[in-house]
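Coordinate inspection notes
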Amino acid sequence: MSYKRNIFFNYLYILPVVILVAFLYLYPILYTIYISFTNFNLYHFFEYQWVGLANYITVLTGGTFWQVLVNTAIWTVGSLAPMIAVGFLLALILNQKDLRGRSAFFTLLLVPWAFPAFISLIVWQGMWNWKYGIVNKVLAIFGIKPVDWFDVVPMAWTMLILTNLWLSFPYYTSVFLSALQSIPEELYSIAEIDGASRLARFRYITLPLMRKTIAFVAIGGFTFTWNNFYPIYILTGGGPGNATNILVVYAYQAAFNNSLYNFAAVYSVIDAAILIAMAIIMLKYSGVLEAIT
């Protein structure tokens, strides 16, 4: 009897945590899924009705959703590729034992982390200004005419990806540098004694031992960048038009700019479903889970 009583009290102790998690996470998710099947909007704010799959059919048969989905893929892949490449390259440079002032360089690389992302984005918004921004002033030194970063689609994407690179590369550099420093130095020493060149040591020692770390960082970066709201919302707002809009920003605008809560919920549900499916596929075929377990 005392054993069952102890079990009861053990469950009772964790009950507040269960209630808190259910209230903060489970309830909003279930409620969002529910209103995606209703006509809940500004005109049906207090009395909304169940409409079934009508909202999903409207969204999936419209052109805006597919444009925003393609934009989300461009934003994710276009940001992730240079972030991983730059982070890995800088980590390789900082991992050199004979590099003078390595600690000072690493400290400088962490400068973007020293400021809140929101403040950094506001600063970058001014730096990209067509008339007064420092970016165009620097380009003018080399005889390049001022670039309209906000109203020309290719330039808007370039601006977004470069800004996101500035905000994110310290994280990738730190993770890759930690992984590189965990590789036993004896492996490089033995390979050097055997006459292996620097390129051969990188190809046959560094890359194989870093493969799992690169895959893990890529998956984490993919899921984060896919729904990275602030850079696009602050810099372009999804413009010009919907040319740089992504799913999470468009869902926010549908809810808080247009009061179309049902369609915002549809975009949120589809966004989450796609992201979960992509994450599962990447985890399965990358072998990251096997490496962790």
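Values in this document were obtained by computation on a predicted structure and should not be read as measured data.

Looking at the confidence of the model for the protein chain
Atom-level detail of predicted coordinates should not be read off regions where pLDDT is low. For the protein chain, the average pLDDT comes to 89, and 94% of its residues sit at 70 or higher. For the protein chain, the element scoring lowest by mean pLDDT is helix α13 (residues 288–292), at 57; helix α2 (residues 54–60) scores highest, at 96.

Side note on the layout of surface pockets
The computed volume of the largest pocket comes to approximately 570 Å³. N95, Q96, Y188, R198 and R201 are the residues nearest the centre of the largest pocket, which is lined by 18 residues in total. Listing elements by their share of the lining of the largest pocket, those giving two or more residues are α3 (63–94), α7 (153–181), α8 (185–193) and α9 (198–226). Of the residues that constitute the lining of the largest pocket, the class distribution is seven nonpolar, five polar and six charged. Considered as a void within the structure, the second largest pocket measures approximately 450 Å³ in volume. Lining the second largest pocket are 22 residues, and of these T32, A251, A264, A265 and S268 sit closest to its centre. Here the element with the most residues in the lining of the second largest pocket is helix α12 (residues 261–286); it accounts for nine residues. Class assignment for the residues of the lining of the second largest pocket results in 18 nonpolar, three polar and one charged.

Rules and cut-offs
Residues numbered from 1 in each chain as written. Predicted model: local features only at pLDDT ≥ 70, side-chain atom pairs only at ≥ 80, totals over all residues. Heavy atoms only, no water. pLDDT = per-residue confidence, 0-100. Helix = DSSP H or I, 4+ residues; strand = E, 2+ residues; numbered from the N terminus. 1 Å grid on protein atoms, 1.4 Å probe; cavity = no way out; pocket = protein on both sides within 12 Å on 5 of 7 lines; lining within 4 Å. Points joined across faces, edges and corners; volume = space filled by probe spheres on them. Nonpolar A, V, L, I, M, F, W, Y, C, P; charged D, E, K, R; others polar.

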